[in-house]
Amino acid sequence: MSQTFVDDPAEAALGLARPLDPGPGHGPARRVDVRRLARFVLRRPGLLLSAVVLVLVVLASFWPDLFTSQDPLKGVPAQNFRGPSGAHWFGTDELGRDVFSRVVHGAQLSLKATLIAVLVAFVVGGLLGVVAGFVGRWVDDVLMRFVDVLLSIPALFLSLALVTALGYGTVKVAVAVGIASVAAFARVARSEVLRVRQAVFVEASRASGARWYSVLARHVLPNAAGPVIVLATLDFGSSILAVSALSFLGYGAPPPAPEWGTLISDGRNYLANAWWLTALPGLAIAATVLATNRIARALDGEWARQR
């Protein structure tokens, strides 16, 4: 039986061809990959627990009613400062509000800000890195000197300066945190583009007469995106910490919005008699950050070595 092959200029220059029809062996190969992924996760209990934690946090941010039916803004003064119990898993605060409900609903605000921050850093930093690495010459010099300036400023200080200029609010905090992380994404994207640009298949594509935008879209970007995506996963955890830190300092959504950083800030005045007001929201932040970092570490090295 004859097969149809793709006439790609780069592959033709290298003497390669790729079948359009995957053939009868394609289905079993995909099933083997699924089994390998399942074995990879099941053999690492920490990774499995991290995935469960991250899934629960994502569900809480989109569908908080799955975990609690209590109003996070409504309090019962007669039940203030109640410790963790079956009725109130995380206890109650100074106004009698259920802390668990506030943590669950606060995930929506904190995760929203974190996603915006990572998206800003990924898009802006990735674009700077791709342009610098692909164009080169004086464009690379100018962009990388700008990135060096950003790297010379501590990320939290830069976020504070930006959010002071932009104003208060969840979205503005997210934009400030994202801009403070642009430099790292630009560096990683540039290094990957420089590495892929010198590959044999890219040179073959250019020699066969392919346009620069075709080379960039079909060869450079797909092969350079992996480490940048892993960095985005790692940056997700650090962005949660940065957003929570700015909310703790009072730059986030105004009260009574239950952002995670705001919950810790409100509870620090009652550490002597109500430790759960700060400890349990802080535990939620720590668990989310650790779970994200564990998954990023698995994607970065362990899965690649396993394959």
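Residues numbered from 1 in each chain as written. Predicted model: local features only at pLDDT ≥ 70, side-chain atom pairs only at ≥ 80, totals over all residues. Heavy atoms only, no water.

For the coordinates displayed, the defined rule picks out six salt bridges. In this structure, Asp140 engages Arg190 in a salt bridge whose closest nitrogen and oxygen atoms are separated by 2.8 Å. One end of the pair, Asp140, is in helix α5 (residues 137-151); the other, Arg190, is in helix α8 (residues 182-197), with 50 residues separating them in the sequence. Take Asp140: its relative accessible area is 10%, and that puts it in the buried class. Its salt-bridge partner being Asp148, residue Arg145 comes within 3.0 Å of it at the nearest N-O pair. Of the two residues, Arg145 and Asp148 both sit in helix α5, three residues apart, roughly one turn of that helix. Asp148 sits in the partly exposed class, given a relative accessible area of 26%. Here the residues in one salt-bridge network are Asp93, Glu94 and Arg97, joined through shared partners. (Salt bridge = Lys/Arg side-chain N within 4 Å of Asp/Glu carboxyl O. Helix = DSSP H or I, 4+ residues; strand = E, 2+ residues; numbered from the N terminus. Buried < 20%, exposed > 50% of the residue type's maximum accessible area, 1.4 Å probe, protein only.)

Further remarks concern the nonpolar core. Among the nonpolar cores identified, the biggest contains 26 residues, and Val103, Phe185, Ile240 and Trp260 are the most heavily contacted of them. Listed by contribution, the elements that provide at least two residues to this core are α3 (45-62), α4 (99-135), α8, α10 (212-248), α11 (260-267) and α12 (276-306). The dominant element in this core, judged by the number of residues it contributes, is α4, at eight residues. Excluding residues that lie within four positions of it along the chain, Ile240 makes contacts with Thr114, Trp260, Ile285, Thr288 and Val289. One finds Leu128, Leu143, Leu158 and Ala183 within the second-largest nonpolar core, a separate group that totals 12 residues. (Core = buried A, V, L, I, M, F, W, Y, C linked by side-chain atoms within 4.5 Å. Contact = heavy atoms within 4.5 Å.)

As enumerated under the stated definition, the model contains one cavity of 30 Å³ or more in all. The space that makes up the largest cavity amounts to roughly 100 Å³. Asp93, Glu94, Arg97, Val99, Arg102, Leu263, Asp266, Gly267, Leu277 and Pro281 are the residues that line the largest cavity. Put simply, the parts of the chain that give the lining of the largest cavity at least two residues each are α4, α11 and α12. If you tally residues by element for the lining of the largest cavity, the top one is α11, at three residues. Broken down by class, the residue content of the lining of the largest cavity amounts to four nonpolar, one polar and five charged. (1 Å grid on protein atoms, 1.4 Å probe; cavity = no way out; pocket = protein on both sides within 12 Å on 5 of 7 lines; lining within 4 Å. Points joined across faces, edges and corners; volume = space filled by probe spheres on them. Nonpolar A, V, L, I, M, F, W, Y, C, P; charged D, E, K, R; others polar.)

A volume near 370 Å³ is recorded for the largest pocket. If you go around the largest pocket, you meet 17 residues; those closest to its centre are Leu56, Val57, Phe100, Val103 and Ala284. Those elements giving two or more residues to the lining of the largest pocket turn out to be α3, α4 and α12. The element contributing the most residues to the lining of the largest pocket is α12, with five residues.

Looking now at the packing of α10 against α11. Running from amino to carboxyl end, α10 crosses α11 at an angle of 45°, the nearest separation of the two axes being 7 Å. As the angle between them shows, α10 and α11 are arranged oblique. Crossing angle aside, the handedness with which α10 passes α11 is right-handed. Contacts between α10 and α11 pair Ile240, Ser244, Ser247 and Phe248 from the former with Trp260, Gly261, Thr262, Ile264 and Ser265 from the latter. Its residues assigned to classes, the contact of α10 with α11 shows four nonpolar, five polar and no charged. (Axes fitted to C-alpha atoms, helices over the stretch in contact; angles between N-to-C directions. Parallel < 35°, antiparallel > 145°, perpendicular 65-115°, else oblique. Left-handed = near helix turned anticlockwise from the far one by under 90°.)

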